[in-house]
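Analysis of the macromolecular model
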Amino acid sequence: MKTEIEVIVADITTLEVDAIVNAANKQLKGGGGVDGAIHRAAGPGLLEESKRLNGCETGDAKVTGGHDLPASWVIHAVGPVWGGDKDEKDRLLASCYRVAVEKAEGLNCESLAFPAISTGVYGFPPDRAARVAVGALREALKGCDSLRRVILCCYSEESAAHHRAALDDTGSGG
Ligand code: AR6
C-alpha cells in the first residue's frame, strides 16, 4: 500500500499522530523554534529523557517518548546548518528524513509528521529544502511497511507552497 504525503499548515505540537519529528540540535537539550515549542508542550520529562541520549550527529535522529504531547513519540533529527558545501548539506538533510522514516517504521508508526527541518535558525533555503525533503521521503517510503500517512507540517503558507510545489514536481500525492 502506498503511503500518502500531505502538506498542512499547523503547529506540529498539536497533531494527533503516532510520531512527530523535531528539528533538534546536536546537544538534544532543547532550543528555540519548533524544538522549543515541542519541549514546552511535552513538559520537563522530555528534556530529562533527551539528556540521557548523549546528543546526536547531524543527519541522524534519536527517539524519545512524547510525554505530554498528543504524539506517542518524538524523533529528534539534527538538520545541517546551511552554508559551505551545498551538496553535502543536501545529503545531510535528506538523511534526516530517511533516518526518521526508518525510526518511525521501527516503532511501527502509521502516522508521522515533519516540520521543515533546517529552514529556520539553520538557514537552509526553504524551496531547496522542500525539494530535498520530498525526494528523500519518496525514496525512503518505497520500502516501508507500517507508515500510511506522512504529514509535512509547515508553519506558514509560504513554506506549505514550497512543499506542494515539490510534491507536484515529483508526482502526485504519494
Ligand atoms: N510547528 C511546526 N513548525 C514550526 C513550529 C511549530 N510549532 N515552530 C517553528 N516551526 P527551526 P532549524 C518551523 O528554527 O532551522 C532550534 O533552536 C519554522 O518556521 O525550528 O532546523 C534547535 O534547537 C521553520 O520552518 O529549526 C536548533 O538549535 C521550521 O520549523 C535549531 O533551532 C524549522 O525551524 C534548528 O534549526
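Residues numbered from 1 in each chain as written. Predicted model: local features only at pLDDT ≥ 70, side-chain atom pairs only at ≥ 80, totals over all residues. Heavy atoms only, no water.

The protein carries the name O-acetyl-ADP-ribose deacetylase in an unreviewed UniProt entry, which gives Roseovarius spongiae as its organism.

1. A look at the nonpolar core
Ranked by size, the top nonpolar core spans 37 residues in total, and within it Y97, L112, F114, L137 and L147 carry the most contacts. Listed by contribution, the elements that provide at least two residues to this core are strand 1 (4-9), strand 2 (19-24), strand 4 (73-78), helix 3 (86-106), strand 5 (111-114), helix 4 (126-141), strand 6 (149-154) and helix 5 (157-169). Per element, the largest residue contribution to this core is nine residues, and it comes from helix 4. In this structure, Y97 is in contact with F114, P115, A116, I117, A133, A136 and L137, ignoring residues within four places of it in sequence. (Core = buried A, V, L, I, M, F, W, Y, C linked by side-chain atoms within 4.5 Å. Buried < 20%, exposed > 50% of the residue type's maximum accessible area, 1.4 Å probe, protein only. Helix = DSSP H or I, 4+ residues; strand = E, 2+ residues; numbered from the N terminus. Contact = heavy atoms within 4.5 Å.)

2. Re the sheet that holds strand 6
In space, the six strands of this open sheet follow the order 1-6-5-2-4-3, with mixed pairing throughout. Among the strands making up the open sheet, the edge pair consists of strand 1 and strand 3 (61-65). Neighbouring strand axes in the sheet, compared pairwise and without regard to direction, differ in orientation by 25° on average. As paired strands, strand 2 and strand 5 are joined by two bridges and run parallel to one another. For I20, the partnering residue across the bridge sits in strand 5 and is A113. Contacting strand 2 and strand 4, helix 1 (residues 33-42) crosses the sheet at an angle of about 130° to strand 2. Of the strands in this sheet, strand 1 and strand 6 are in contact with helix 5, which crosses strand 1 at around 160°. (Pairing = 2+ DSSP bridges. Axes fitted to C-alpha atoms, helices over the stretch in contact; angles between N-to-C directions.)

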